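# Report on the structure
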Amino acid sequence: MEARLRTFLVRSGFLFLISLVLVAGFWYHREFYQIGFTNLLIIGGFVTFLVIWAARLALSGELPRGRPRGELTFSVEEADRVRKAVARLVVRPSEGTTIPGVGHVVRAMYETGPEFGRLYIEDARRAFLSDLTDADARQAGYRTAAELREMGAARWRWRPSDTVTVLRVRPLGATR
Amino acid sequence: MNLSSAAILAGVAVDAWLLAFIAIRGRRPWLQATYAACSLAYLALGAAFVGTNEGVLADLREDVALGILLLAHALTAILVLGLIHGETLPRRRSAAFLLLVPVPLLAYLAPTAGWTVATAYQGHVLGGFLVLCLGIALAETVYARYSSRLLAAPSFWLGVGVVALIVAGPVYAYELEYLGQTPLVAANLASPIALACFALVAVQADPFSITSRPSKGQTKPGSLPASDAIIFEEIRPKYALRTAHEESSSGRATLILGRTAPAMAAGGAGFAALLPVRHASLRALTTASEFLATSHGGLVVVEDLADLSALSDWPTTVAAVVRLRHVARGTGSTVVFSTCRLTDPERRALRDLRFTWWSLPDPAREIDAILTQSFGKGAARLLASFSRAHGLRQDELTTEHVPALLDFLTRTLAELSGVVVGTASHGLRTQLEAAASGLRSFAAQTAEEVARGKWPSRVSSESHADLLVTAADYWKGKEMEELFAAADTVGEREPLFERARAVFVEQLGDAGESLLRTQLAHLGKKPEELDPSDLVRIADRASIDLGSLAAIVDIPQEKARIQKQIDSIRQQLELIVEEEK
């Protein structure tokens, strides 16, 4: 709750600053705008449009990290572990999966469809399934690498020679 | 001090801070020098404006101010060109400095033509040059934004910087002139914004740090073709790393780009670790480019192309690959990319680039094939014994392990000297010699030779196709069983790693092996490199790690159990060390 309040205050402060700059700009160029209604309409309208656009992005949580790119689907148990930050690693098959790179935000969805949050990708690497260690598995919320492989074999028909993408993620909070 | 002077003075302070930041933070001397020259020009213009406005520099010469203004604009274009093209054409980046040629000429003609700082952006030749410089910067930025996935994000910020300079420069000058107000006399209010954007792009593309960098300058030619980019198609980057090792050993400046340092990097090759950052592909490109710009004819091995793809998506990575080929051609160097862990669509996209393509075998599989030719299906057992003895997984076997494998087989045979005699002993020795010969000749082949030649796995499958019974199968009798048993015995006696692993697994289950391997990684050693002194250090470190785990457990019984495990591991490891003395 405290983090959300802080985020809200930072975003609101940012918007307020932009509004101040906007008003200051109009005041500073007041003589220029006196030369005609058209100038004020075009330039002022454009600047105001930019401010409204920035406000929309800020309020939708897309600033400063940008819009979510792509999505990751989770089972209910997996989603619970990710939301509670018990699991920091997400392991997904490399083949046939498009995952945005580091520094991007993805939508975290339940397998059944609804979005339960957004995840910030802190790190990404490729590994052979057979190279995953127990430590990796524990960070992904499983007891052992064998358990992780079993889950993958059931869900994606993994074989030991398959490559997987190992993502380190950080939950950014629930959908607004 | 009026508002304009205060604003420009604040801008000067920001410019100075950015200059210091890039000077300290950057790893590209050429770019840093260009950035410094550009920011110094804007800094001087700002200081001149404040000085003139406040009466400190009342006698500032008009031609000096005009010269700096010209320099600032030309250097802006050069800096933007350098940030966009500097990495692809490291040897030709000085060509951008040709934009400075008109500067002295225009400064010389200014007094006679009546061009002044106050009227700099008006419709004459000088004004045209200033606008042309900003126009070049903007046009290149827009072109890069829409033509390159790799430079899309940086070119956005470059665009913001250039547009800010245009708005606060020519556009603002026209506005002030229209309103009949005093112009800002060359100072640009937006210079801090522009320089901040340029600094951001410079930092986003900053090369990764290189550990154990080879000495700069000319390098000896290697065996790989120069001025080319070569794709090593292999399951694991074994030949890529071996080639890096061989080339660096022969005196060629070599750099390996990967996530974790390979053990072979100690052989003289430099290593740059790919960090988990948003612009990893761009930074990998600048790292390789800067390295090859200072070491012409060098070699860069991109071991983890798949990880680059994971870090900053495939289209960006493939754009960096294409640019690296240009760098290789421009500097007479070689760049090697390993296809390890790439997906099928990524491999196909790489094939479409029509680079030199070498398909390489997995040495582990080829070693197995060579042994199979001599020892039949029992070869897998021999390899398993050897791998267990050296704490290796079978897929970790490389040609580097061939001498150790031969030694292992020789000792295994020696174990049998009292058991197997006569014709059988002679037969086994003949088989071993045949295997040794095959292994040695395979290990001696370079990546290029292996890529061209027939692999043992293919030869054996072809030659045995029509036979009902192979020679190896013929010999697979009692003697072979004894050979395998002897190999197991040799294996059991040998490895420290295996013994240490047994201790950890006994106490901690499967997690014990992970803990041991983690400790090994901290020591920077491979399982086969373990020696008794390492075991002592591992015992110490494991005690600390597990001790801290015990400290946070609240249940007394669990705490006592973990403590007991710690003591037991330590005692058993010390026992092994004692036995080894």
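Regarding its fold elements, chain A presents six helices and five strands. Shown N-terminal to C-terminal, the secondary structure of chain A runs as helices and strands in the order α-α-α-β-α-β-β-β-α-α-β. Per-residue burial over chain A gives 38% buried out of 176 residues. Sequence separation of 24 or more characterises 69% of the internal contacts of chain A that already satisfy a separation of 6 or more.

We now examine the overall build of chain B. Looking only at helices and strands, chain B features 24 helices and seven strands. The buried share among the 581 residues of chain B stands at 52%. In chain B, once contacts between residues fewer than 6 apart in sequence are set aside, the share between residues at least 24 apart is 76%. As presented, chain B carries roughly 25500 Å² of accessible surface, and 59% of it is formed by carbon and sulfur atoms.

Let's shift gears to the pattern of salt bridges. Residues and elements named next belong to chain B. Applying the stated criterion across every chain, the model contains 29 salt bridges over all chains. Among the salt bridges present, the one from arginine 252 reaches glutamate 247, with a minimum N-O distance of 2.8 Å. For the pair shown, arginine 252 and glutamate 247 are each scored as buried. When the shortest N-O distance is used, the salt bridge between arginine 452 and glutamate 448 registers 2.7 Å. With arginine 452 and glutamate 448 both in helix H17 (residues 447-452), this residue pair falls four residues apart, about one helical turn.

Let us look at a nonpolar patch on the surface. A surface patch of nonpolar side chains, about 420 Å² in accessible area, is lined by A:Phe37, A:Leu41, A:Ile42 and A:Ile43. Inspection of the secondary structure puts A:Ile42 in helix H3 (residues 37-59).

The next subject is the nonpolar core. Ranked by size, the top nonpolar core spans 103 residues in total, and within it A:Phe74, B:Phe198, B:Val300, B:Val302, B:Leu305 and B:Phe337 carry the most contacts. Looking at this core element by element, the count peaks at 14 residues for helix H3 (residues 62-85) of chain B.

A few words on the side chain of B:Thr399. Residues and elements named next belong to chain B. Note on placement: threonine 399 falls in the loop between helix H14 (379-389) and helix H15 (402-415). The buried category is assigned to threonine 399, whose relative accessible area is 7%. Within the structure, the side chain of threonine 399 is placed 3.0 Å from the side chain of arginine 242, a separation counted as a polar contact. Residue contacts for threonine 399: discarding those within four places in its chain leaves Tyr239, Arg242, Pro363, Phe442 and Ala443.

So, about the interface of chain A and chain B. Residue-level contacts link 28 residues of chain A with 32 residues of chain B. Interface of chain A and chain B: buried area, both sides summed, is about 2300 Å²; carbon and sulfur atoms make up 48% of it. Applying the counting criterion to the chain A and chain B interface returns 11 residue pairs in polar contact (both at pLDDT 80 or more). Looking at which element gives the most residues to the side of chain A that touches chain B, the answer is strand S4 (residues 115-128) of chain A, with seven residues.

Another aspect to go through is the sheet that holds strand S7 (residues 356-359) of chain B. All names here are of chain B. Spatially, the seven strands line up as an open sheet ordered S1-S4-S3-S5-S6-S2-S7, and their pairing is mixed. Either end of the sheet is taken by a strand with one partner, and the two such strands are strand S1 (210-211) and S7. The pairing of strand S3 (residues 254-258) with strand S5 (residues 299-302) spans four bridges and is classified as parallel. Each residue of the ladder has a partner; that of isoleucine 256, found in S5, is valine 301. Against the sheet, helix H12 (residues 344-352) contacts strand S2 (228-233) and S7, and its axis sits at roughly 135° relative to S7.

Our next topic: the packing of aromatic side chains. Enumeration over the complete set of coordinates arrives at nine aromatic pairs over all chains. For the pair B:Phe337 and B:Phe355, a centre-to-centre distance of 6.4 Å together with 40° between the ring planes defines the contact as tilted. Separated by 18 residues along the polypeptide, B:Phe337 in strand S6 (residues 334-338) and B:Phe355 in the loop between H12 and S7 bring together distant segments of the chain. Here the two residues B:Phe337 and B:Phe355 agree in accessibility, since each one is buried. Aromatic rings pair up to connect A:Phe74, A:Tyr110 and A:Phe116 into one cluster.

Time to look at the sheet that holds strand S5 (residues 163-171) of chain A. Within a sheet, each strand pairs with its neighbour through backbone hydrogen bonds, oriented either parallel or antiparallel. Sheet architecture is open: five strands sit in the order S1-S3-S4-S5-S2 (chain A), paired in mixed fashion. Looking at strand neighbours, the two that pair on one side only are strand S1 (71-74) and strand S2 (89-93) of chain A, the edges of this open sheet. Shown here is a sheet whose adjacent strand axes are inclined to one another by a mean of 45°, direction ignored. In the packing of helix H10 (residues 305-312) of chain B onto the sheet, contacts are made with S4 and S5 of chain A, and the angle to S4(A) comes to roughly 170°.

Along its 18 residues, helix H11 (residues 314-331) of chain B runs 25 Å from first to last C-alpha, staying within 8% of the 26 Å computed at 1.5 Å per residue. Most of H11(B) sits inside the fold, with 13 of its 18 residues counted as buried.

So, on to unusual backbone geometry. The phi angle at A:Arg157 is positive, at roughly 55°, despite the residue not being glycine. Within the secondary structure layout, A:Arg157 lies in the loop between helix H6 (145-156) and S5. With a relative accessible area of 73%, A:Arg157 lands in the exposed category. Unusually for a residue other than glycine, B:Asp313 sits at a positive phi of about 60°. Note on placement: B:Asp313 falls in the loop between H10 and H11.

So, about the environment of B:Ala328. Residue and element names in this part refer to chain B. Note that alanine 328 resides in helix H11. The spatial distance from the C-alpha of alanine 328 to the C-alpha of glutamate 574 is 53 Å, given a sequence separation of 246 residues. Discounting residues that sit within four places of it in the chain, alanine 328 has contacts with Ser227, Asp228, Ser333 and Val335.

Looking now at the environment of A:His29. Considering the arrangement of structural elements, one finds A:His29 in the loop between helix H1 (2-28) and helix H2 (30-33). Not counting the four nearest positions on each side in its chain, A:His29 is found in contact with B:Tyr172 and B:Glu175.

Time to look at the state of the cysteines. Each disulfide is one covalent bond, formed between the sulfur atoms of two cysteines. Residues and elements named next belong to chain B. Here the structure, examined in full by the defined rule, presents zero disulfides over all chains. Distance from the sulfur of cysteine 38, which forms no disulfide, to the nearest cysteine sulfur (cysteine 133) is 11 Å. Judged by its relative accessible area of 0%, cysteine 38 is buried.

Right, let's talk about the packing of H3(B) against helix H7 (residues 191-204) of chain B for a bit. Residues and elements named next belong to chain B. Here H3 crosses H7 at 25°, and the two axes come no closer than 11 Å. Considered as vectors, H3 and H7 are oriented roughly parallel to each other. H3 and H7 meet at a crossing whose hand is left-handed. In this structure, H3 contributes Thr76, Leu79, Val80 and Leu83 to the contact, and H7 contributes Phe198, Val201 and Ala202. Here the residues of the contact of H3 with H7 are counted per class, giving six nonpolar, one polar and no charged.

Residues and elements named next belong to chain B. On the secondary structure map, histidine 401 appears in the loop between H14 and H15. Under the relative-accessibility criterion, histidine 401 is labelled buried at 9%. Histidine 401 sits 11 residues away from histidine 390 along the chain, and the two C-alpha atoms are 9.7 Å apart. Those residues in contact with histidine 401, other than ones at most four positions away along the chain, are Phe386, Leu392, Glu396 and Glu528.

Reading the values: rules and limits
- Residues numbered from 1 in each chain as written.
- Chains lettered and ligands numbered in written order.
- Predicted model: local features only at pLDDT ≥ 70, side-chain atom pairs only at ≥ 80, totals over all residues.
- Heavy atoms only, no water.
- Helix = DSSP H or I, 4+ residues; strand = E, 2+ residues; numbered from the N terminus.
- Buried < 20%, exposed > 50% of the residue type's maximum accessible area, 1.4 Å probe, protein only.
- Contact = heavy atoms within 4.5 Å.
- Areas by Shrake-Rupley, 256 points an atom, 1.4 Å probe, with all protein chains shown as cover.
- Salt bridge = Lys/Arg side-chain N within 4 Å of Asp/Glu carboxyl O.
- Patch = residues over 30% accessible without salt bridge, like charges linked within 9 Å, V, L, I, M, F, W, Y side chains within 5 Å.
- Core = buried A, V, L, I, M, F, W, Y, C linked by side-chain atoms within 4.5 Å.
- Polar contact = N/O pair within 3.5 Å; in protein donor to acceptor, adjacent residues only side chain to side chain.
- Buried area = accessible area lost by both parts, 1.4 Å probe.
- Pairing = 2+ DSSP bridges.
- Axes fitted to C-alpha atoms, helices over the stretch in contact; angles between N-to-C directions.
- Phe/Tyr/Trp six-rings, centres within 6.5 Å; stacked < 30°, edge-to-face > 60°.
- Expected span 1.5 Å × (residues − 1).
- Disulfide = S-S within 2.5 Å.
- Parallel < 35°, antiparallel > 145°, perpendicular 65-115°, else oblique.
- Left-handed = near helix turned anticlockwise from the far one by under 90°.
- Nonpolar A, V, L, I, M, F, W, Y, C, P; charged D, E, K, R; others polar.

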